[in-house]
Structure formats: structure tokens, C-alpha cells
Amino acid sequence: MKNIWAICKKEIKTYFMSPIAYVIITVFLVLVGFFFYPLIWWFNSQSLQLAKNPYYYQQLNINQMVYSPFFHNMSIILLFMIPLLTMRLFSEEKKRQTDELLFTSPISVNQIIIGKYLASLFVLVVMLLLTGLLSIFTFVFGNPELAPVLNGYLGLFLMGAAFIAIGIFFSSLTENQIVSAILTFGALLLFLILNWTSPSAGGMWKDVLDYLSFFQHFNDLTRGILDTTDLVYYLSFIFLGLFLTHSIIQSRRWR
Amino acid sequence: MIEVEHLTKKYGELVAVKDLSFKVDEGKIWGLLGPNAAGKTTTMRILTGYIPATDGKATVASLDIFEQSNRVKKIIGYLPEVLPLYPEMTVLSFLNFVSEIKQIPSSQKKEAVDKAIGISGLESVRGRLIRNISRGFKQRVGIAQALIHDPQVLIFDEPTQGLDPAQIIETRKLIKSLKGERTILISTHILAEVTQVCDGVVIINEGTLMASGSLEDLTASFKEKEGVAVKLRKEGKEVLSLFGKIPGVARVSLEDDELKIEWAKGKDFRDEITRLIVEKDLGLIEMRPLGIGIEDLYIRIISGDIEQ
Ligand SMILES: Nc1ncnc2c1ncn2[C@@H]1O[C@H](COP(=O)(O)OP(=O)(O)OP(=O)(O)O)[C@@H](O)[C@H]1O
Ligand SMILES: [Mg+2]
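Cut-offs used in this document
Residues numbered from 1 in each chain as written. Chains lettered and ligands numbered in written order. Predicted model: local features only at pLDDT ≥ 70, side-chain atom pairs only at ≥ 80, totals over all residues. Heavy atoms only, no water. Contact = heavy atoms within 4.5 Å. Buried area = accessible area lost by both parts, 1.4 Å probe. Salt bridge = Lys/Arg side-chain N within 4 Å of Asp/Glu carboxyl O. Core = buried A, V, L, I, M, F, W, Y, C linked by side-chain atoms within 4.5 Å. Buried < 20%, exposed > 50% of the residue type's maximum accessible area, 1.4 Å probe, protein only. Helix = DSSP H or I, 4+ residues; strand = E, 2+ residues; numbered from the N terminus. Phe/Tyr/Trp six-rings, centres within 6.5 Å; stacked < 30°, edge-to-face > 60°. Lys NZ or Arg CZ within 6 Å of the ring centre and 35° of its normal. Near = heavy atom within 4 Å. Polar contact = N/O pair within 3.5 Å; in protein donor to acceptor, adjacent residues only side chain to side chain. Areas by Shrake-Rupley, 256 points an atom, 1.4 Å probe, with all protein chains shown as cover. Nonpolar A, V, L, I, M, F, W, Y, C, P; charged D, E, K, R; others polar. Axes fitted to C-alpha atoms, helices over the stretch in contact; angles between N-to-C directions. Parallel < 35°, antiparallel > 145°, perpendicular 65-115°, else oblique. Left-handed = near helix turned anticlockwise from the far one by under 90°. 1 Å grid on protein atoms, 1.4 Å probe; cavity = no way out; pocket = protein on both sides within 12 Å on 5 of 7 lines; lining within 4 Å. Points joined across faces, edges and corners; volume = space filled by probe spheres on them. Donors = N, O, S within 2.8 Å, 3.2 Å for Na, K, Ca; no water. Pairing = 2+ DSSP bridges.

Chemist: Can you walk me through the interface of chain B and chain A in this structure?
Modeler: Interface extent is often summarised as the accessible area lost during association of the parts. Across the boundary between the two partners, chain B contributes 30 residues, which contact 24 residues of chain A. Around 2600 Å² of area is buried between chain B and chain A when both sides are counted, 56% of it from carbon and sulfur atoms. The largest contributions to the chain B side of the interface with chain A come from Tyr 50, Tyr 86 and Ile 101 of chain B, which together make up 26% of the buried area. There are three salt bridges connecting chain B and chain A.

Listed below in C-alpha cells is the structure:
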């Protein structure tokens, strides 16, 4: 546990001592804000228009009209940002040959992987918490339901956590950070659009593709629903990503 | 303290280390000497647990490096060939980090870091970013991180590379001062480094052991034959046979207008030779002992004279 913390602390420090974390967080927030503002504006204008008609006015739902697209937007932006967050994790160590220090120290490969994973997760949490500031605004001036919003955030967090696990895997494959980021981005995008091909695939394959695609799980997420299939889906992605990272690192050294 | 038995490492087809065996006694400084691509770094990486061996066995302090790798890693301090430094950290925060991953209890952390800084002479740069300090100081940070957990065994891969002459002398002094309770293995391709710093040497070439032993033993064993090289004003066949007639002289040969006169170890014919030179008025220009030491051996290895 202490070893994991030592690695994690070092990674967090590196994120925040270099501009990486600040740049990623800032760009993320600017983009999120940029998408959030028109949603609110649209919702506002709709409310004003429909205020005269009590029936339709009742139908207006800030959760559906603002939060659902908001979460959707955020997950897409995350898809762009996470590869940049994870690309350095192992690639940089390998390039600088600092991995020789890590792997000749009395700590296990798993502890190194988990420490690094948790550090990226921390940055993700910071990013999401800061977007929460925008939500405060809606709670002050409107009355959204809290539970779906929290659920949506939880879903977003899990999805980001799965993205990071995939990113850390690709980072262990190459010492080139750019290559690592491109591969991660490609993989994430592929999983996102996997179900586009599912209509042409028949029977079981269609179900498999549908299940594997981020899209399916996205939609639940954006509506603020998180059921066990989604949970299992994200957790298996995380586990698989970390497991494969471990295999890659071991096999590289054992060759 | 360090025992290597029949170690072999293959990178695909390439055999980097071939059936290598040697031993380093406790409290000694041993040099791993060899030209480029000899397999020095590979051997050290195996010993420190960075990469596994293809075949063979090695123990450090009687611990098997493969079976008990975690315990071995705790007692080895390692300075890799490429310094494993994080340029965005300060010297102090880097050493703090290393002390944590080397599992120093937090109560002793500060003390350990301060001690390592003291030994390696880093006080003046402790708060500076590693990115901004000079190469010599970076090398010292590398040494400090190897010392931080007070390991019994130190493995330094080319500790003086990239340093200026003054720093080389200083680093060698530092390494010598670390001897004592510690066992040290340093790699180098400079013979002078071995003769100045080390008690013993392992010479490898293309992954194969060429020679190993303490410096005295090695020098002695190479001097199976002794002899002198003589430069004379007079030359010719008669001169050659003149020395060959001295009873006990094994061989007389002419090489680069120098006479080489050799005899079995333990005897000494220098008096007879001088007498002969004076009697026959051969005109002595120079006479020096023939060195057949590790120096000759190493030069012959590097120049490719000796094949395996
Ligand atoms: N990771 C690797 N993959 C493939 N070949 C390697 C690898 N590392 C080293 N080699 C090869 O193994 C041989 C021994 O290399 P090694 O680095 O151990 O030599 P060295 O004695 O340390 O040389 P130098 O004095 O140049 O540092 C070389 O031919 C090298 O090309
Ligand atoms: Mg080397």
C-alpha cells in the first residue's frame, strides 16, 4: 500500500509540476463550459416561451434537456483528453530509462501500475469536480433532481476510469508518447462506434458488438441511469486494461 | 558475496552473455572490464533484477537473484548506465521518492536522504531542479540514489563516464571510500580505472569470460615467462645466437629492432646479459622488462588479437 502511494504521489506531482495537468484540465473545462452554456440558454428560452402554458411548462425537465446532452458532451471530450493524460505514464519512463530505477527497486510491477493508474484517476476526479461548479449554478437557479445528476457523474467517472486503463495499456506498449496517445484515441473511438457495424453482423455477433460498444452504455449514462451491466462493463474494461499492462511489462522484460 | 554461475543471456539470436561465471568476495571492489558490447551492462541488469537471464544462476549474499528477487533488490544499490533521473524533480524530492520505493521506514527517511546527500556532496544543489544541474552533479545524484538505503552491495555501471578529469578522480576516490562493509562491482572499459580502484577484475569480451581474479593473482599468473627487451647498437644473427647460448634462456627473438630475451619464471638472467653486452661491446641503448600482464592481455583483447 505504501509503495502504491509512493508511486501515485510521484505521478501526481509530475502531473502538476509540469503544465500537462493544468493544460488538460483547462482545455477540458473550457470545452465543457462552451457546451454547457448553450444548453442552459436553450433551456431558459424554452422555459420563458412555455411559461404561459402550464401543461407544457410541467413537461420541461432540466435533467433531460440539459444534463443528458451535457454528460454526452463531456464523455466525448473525455475521449479526446484521456489519451493525453495517460500517454506519458509508461512511455516516458521507458524513454528516459527511469524504468530501470523502478524495476530494480523492491516494489512489484503491480504496485507501479496501480500507483500510476490512481494518479491519473485523481486528475480525472479533479476535472469532474471542477465541472461540478457549473452544476451548482443550475441548482441555485433551477431545481434539477440530484440523484440522476450524481448517477451521471458516477457513470462518467467509471467511463473515464475505463478510458485510463486502456490508455495505460497503450502507454506500456511504446516509448513514444505520441504513438501511445494515437493508439489510445483510436481504440477508444473504435469501441465507441463498434455498434455501427452491428446491423450487418447477425445474431450473437450483433449482441456482442452492441454490448462492447461504448455507445450503448453511454446512453444509459447520459440519462443518469447506471445499472449493473454498465458497472460490470466498465469494471471489466478497467481490469482487462491493467491486466494487459502487467502482461506487456513482464513480457518485455522477459524477452 | 556475488556469485555468478554459467550465466547466459540471449536477445533473440544475439548472445550478449555466454556461460559467464565469476565471484566477488565480500568487502572488495571488483571491476567488470570489457570493450563496447562486451555484455557488461547486460550482466549488471541481470544481477539487479531488471532483466532475467536466459540460463544460469546467480546469488547475492547467498540469495538467489531470481527466486528471492525482492530481498536481493533491497540489498543492492544500482547506478544504471543511463542515469534514471526525473528532470522535473528537485534533487531533494527525487531522493525522497527513491527512499520511499526502496522501502526505508518513514521515521528514518530524512536521515537516510541527508546521509546520501552528504556522502555524494550534493548539499549545494539539494533544492535545485535536476534538469538544471551539471552533468557531474547528475552523476552524483545517481550515486546518491544507489546509496540511499545503505545497501550491502553496490553495482555501478560506468560510474565515471561523461565526467571531466577532476571529477573522474573525485568519483574514484568516492567509490574507494565506500569500500569496507560494502561489496562493489563497477563496470568500465578503462583498464586504468580497474588498476586504480579495484581489488580484482573480471575481463569479458563478446559475452565470454576472458580472465578473472584478484589483481595480484592475475598479474602473477600471466607472468609464466619473464624477460627483457633490449635495444642494441649492433644487430645481426650473431648477436641473436650470442644470447641464445646463455644456458637457461628459453627464447631470443627480434621484433621491431628490439631483442626479446625470455626465460622461465623465477630465474633472472639480467646480470649475464649485461656482462655479455659489455664484454662484446654491443652498445646498449635501452633495456626494459617485458610486461606480459593484464595490460597486454586487455590490449590484445580490444585489438581483436585474441578470438574468444
Ligand atoms: N535490449 C536489447 N536488445 C537487443 N540487444 C541488446 C539489448 N541490450 C543489449 N544488447 C546487445 O547485447 C550486447 C551487449 O550489450 P551491453 O550493453 O551489455 O554491452 P556493454 O558491455 O555494456 O557495452 P558498453 O561498454 O558499450 O556499455 C550488445 O551487442 C548489444 O547490442
Ligand atoms: Mg554498458
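More follows now that the structure is in view.
Chemist: Would you mind showing me how to read the nonpolar core here?
Modeler: Within soluble globular proteins, side chains that are nonpolar generally end up buried alongside one another. The biggest cluster of nonpolar side chains holds 146 residues, and the ones touching the most others in it are Phe 94 and Leu 185 of chain B. Of all the elements, helix α8 (residues 146–173) of chain A adds the most residues to this core, at 14 residues. Excluding residues that lie within four positions of it along the chain, Leu 185 of chain B makes contacts with Ile 2, Phe 22, Val 24, Trp 30, Gly 31, Leu 32, Met 44, Leu 47, Leu 154, Ile 155 and Phe 156 of chain B. Of all hydrophobic cores here, the second largest spans 16 residues; its members include Leu 232, Val 252, Leu 259 and Ile 261 of chain B.

Chemist: Got a minute to help me understand the packing of aromatic side chains in this structure?
Modeler: All chains considered together, the criterion is met by 14 aromatic pairs over all chains. Where Phe 80 of chain A meets Phe 185 of chain A, the ring centres are 5.1 Å apart and the plane angle is 40°; that geometry is what we call tilted. One end of the pair, Phe 80 of chain A, is in helix α4 (residues 62–86); the other, Phe 185 of chain A, is in helix α9 (residues 177–192), and 105 residues separate them in sequence. Judged by centre distance (6.0 Å) and plane angle (75°), the ring pair of Tyr 86 of chain B and Phe 97 of chain B falls under edge-to-face. Taken together, the residues Tyr 86 of chain B in the loop between β6 (76–79) and α3 (91–101) and Phe 97 of chain B in helix α3 connect sequence positions 11 residues apart. Every member of this aromatic cluster is reached through a ring pair, and the members are Phe 191, Tyr 233, Tyr 234 and Phe 237 of chain A. One Lys or Arg, Arg 88 of chain A, reaches over the ring of Tyr 15 of chain A and ends 5.0 Å from the middle of that ring. Lying across the ring of Phe 90 of chain A, Lys 116 of chain A places its NZ or CZ 5.1 Å from the centre.

Chemist: What am I meant to see in the site of ligand 1 here?
Modeler: All names here are of chain B. As a structural note, the neighbourhood of ligand 1 is formed by 14 residues, with Asn 36, Lys 40, Thr 41, Thr 42 and Glu 81 the closest of them. Take Thr 42: an N or O atom from its side chain is 2.5 Å from an oxygen atom of ligand 1. For ligand 1, whose free accessible area comes to 630 Å², the fraction covered by protein is 64%. If you list the elements that add at least two residues to the shell around ligand 1, you get β2 (14–24) and α1 (40–47). At three residues, α1 tops the list of elements feeding residues into the shell around ligand 1. Among the residues forming the shell around ligand 1, the class breakdown is six nonpolar, five polar and three charged.

Chemist: Any chance you could explain the packing of α8 of chain A against helix α12 (residues 228–253) of chain A here in plain terms?
Modeler: Axes are the key here: two packed helices are described by the angle between their axes and the distance separating the axes. All names here are of chain A. Between α8 and α12, the least distance of the axes is 8 Å, while the angle of their chain directions is 15°. Looking at the two axes, α8 sits roughly parallel to α12. When you trace α8 past α12, the crossing you get is left-handed. Judged by residue contacts, Gly 155, Leu 158, Met 159, Ala 161, Ala 162, Ala 165, Ile 166, Ile 168, Phe 169, Ser 172 and Leu 173 of α8 engage Leu 231, Tyr 234, Leu 235, Phe 237, Ile 238, Gly 241, Leu 242, Leu 244, Thr 245, Ile 248, Ile 249 and Arg 252 from α12. Looking at the contact of α8 with α12, its residues break down into 18 nonpolar, four polar and one charged.

Chemist: Mind showing me how you'd approach empty space enclosed by the protein here?
Modeler: Where empty space is left can be seen by rolling a probe of water-molecule size over the atoms. Residue and element names in this part refer to chain B. Evaluated as defined, the whole model comprises one cavity of 30 Å³ or more. Approximately 50 Å³ is the volume attributed to the largest cavity. Contributing to the lining of the largest cavity are Val 230, Leu 232, Lys 234, Glu 235, Gly 236, Val 239, Leu 240, Leu 254, Asp 257, Glu 258 and Leu 259. The class makeup of the residues in the lining of the largest cavity is six nonpolar, one polar and four charged.

Chemist: For this particular structure, what's the right way to read the coordination of the magnesium ion (ligand 2)?
Modeler: Put simply, the ideal angle at a metal is 109.5 degrees for four donors in tetrahedral geometry and 90 or 180 degrees for six donors in octahedral geometry. Residue and element names in this part refer to chain B. Around the magnesium ion (ligand 2), the protein contributes the donor atoms Thr 41 (OG1) and Glu 81 (OE), at 1.9 to 2.3 Å from the metal centre. Pair noted here: Thr 41 is in helix α1 and Glu 81 is in the loop between β6 and α3, with a separation of 40 residues, a long-range link. Under the relative-accessibility criterion, Thr 41 is labelled buried at 15%.

Chemist: Sorry if this is basic, but what is going on with the sheet that holds β2 of chain B here?
Modeler: Sheets are built from strands that pair by backbone hydrogen bonding, the pairs being arranged parallel or antiparallel. Residues and elements named next belong to chain B. Strand order in the open sheet formed by four strands is β2-β1-β4-β5, and the pairing between neighbours is antiparallel. Every interior strand has two partners, whereas the edge strands, β2 and β5 (63–64), have only one. Pairing geometry for strand β1 (residues 2–11) and β2, over seven bridges, is antiparallel. The residue of β2 that forms the bridge with Val 4 is Phe 22.

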